[in-house]
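Listed here are the chains, written in short residue letters.
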Amino acid sequence: MNWTLEVVVVPVGDIDRAKAFYADGLGFHVDHDIVMGDEVRIVQLTPPGSGCSVVIGKGAVPAMEPGSLKGLQLVVPDIAAAREELLAHGVAVGEVQVIGENPHPVAHPLDNVGFLFFDDPDGNSWGIQQISTRA
């Protein structure tokens, strides 16, 4: 049986600001933005190439403190290119960090061990890891 993670709820304080950050800053695709009255809004966004989306909103999503989600991780084939893209879109992202070492030879020295870190406008923390090939 396959178990796939399809949606992660990201707690935000300002839905429009978060939507702009994820869509314009990170390049996530806006799958839908549903408003049901004054108390319910659901925005679903998907990173390019991902099978898992993030949902931001109010009313129909669990009530969580904005900025309380830590440790979400994206994977890219080229960490340096990802960093340049984020910087070009105004995202405050740190330098590439090497964390650990590969237990086996890999095609690129940053594969598996190259990381970037950033926060969304609410303080939810994200990591980006380079994996250009999988064993």
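Note: the structure precedes this text.
Since this is a predicted model, take the numbers as computed values, not measurements. (Residues numbered from 1 in each chain as written. Predicted model: local features only at pLDDT ≥ 70, side-chain atom pairs only at ≥ 80, totals over all residues. Heavy atoms only, no water.)

A. Region of the structure containing helix H1 (residues 15-25). Within the span of H1, buried status applies to Ile15, Ala18, Phe21, Tyr22, Ala23 and Gly25. For H1, the secondary structure elements touched by its buried residues are strand S2 (29-36), strand S3 (40-46), strand S4 (53-58), helix H2 (79-88), strand S7 (114-119) and strand S8 (125-130). Between the side-chain oxygen at the start of H1 and the backbone nitrogen of Asp16 there is a gap of 3.1 Å, and the oxygen is on Asp14. Gly27, located one to two residues past H1, shows a positive phi value of around 80°. (Buried < 20%, exposed > 50% of the residue type's maximum accessible area, 1.4 Å probe, protein only. Helix = DSSP H or I, 4+ residues; strand = E, 2+ residues; numbered from the N terminus. Contact = heavy atoms within 4.5 Å. Polar contact = N/O pair within 3.5 Å; in protein donor to acceptor, adjacent residues only side chain to side chain.)

B. Geometry of the sheet that holds strand S5 (residues 72-76). Strand order in the open sheet formed by four strands is S5-S8-S7-S6, and the pairing between neighbours is mixed. A strand with exactly one partner marks an edge of an open sheet, and here the two such strands are S5 and strand S6 (97-98). Each of S5, S7 and S8 touches H2; the most contacted strand, S7, lies at about 20° to it. (Pairing = 2+ DSSP bridges. Axes fitted to C-alpha atoms, helices over the stretch in contact; angles between N-to-C directions.)

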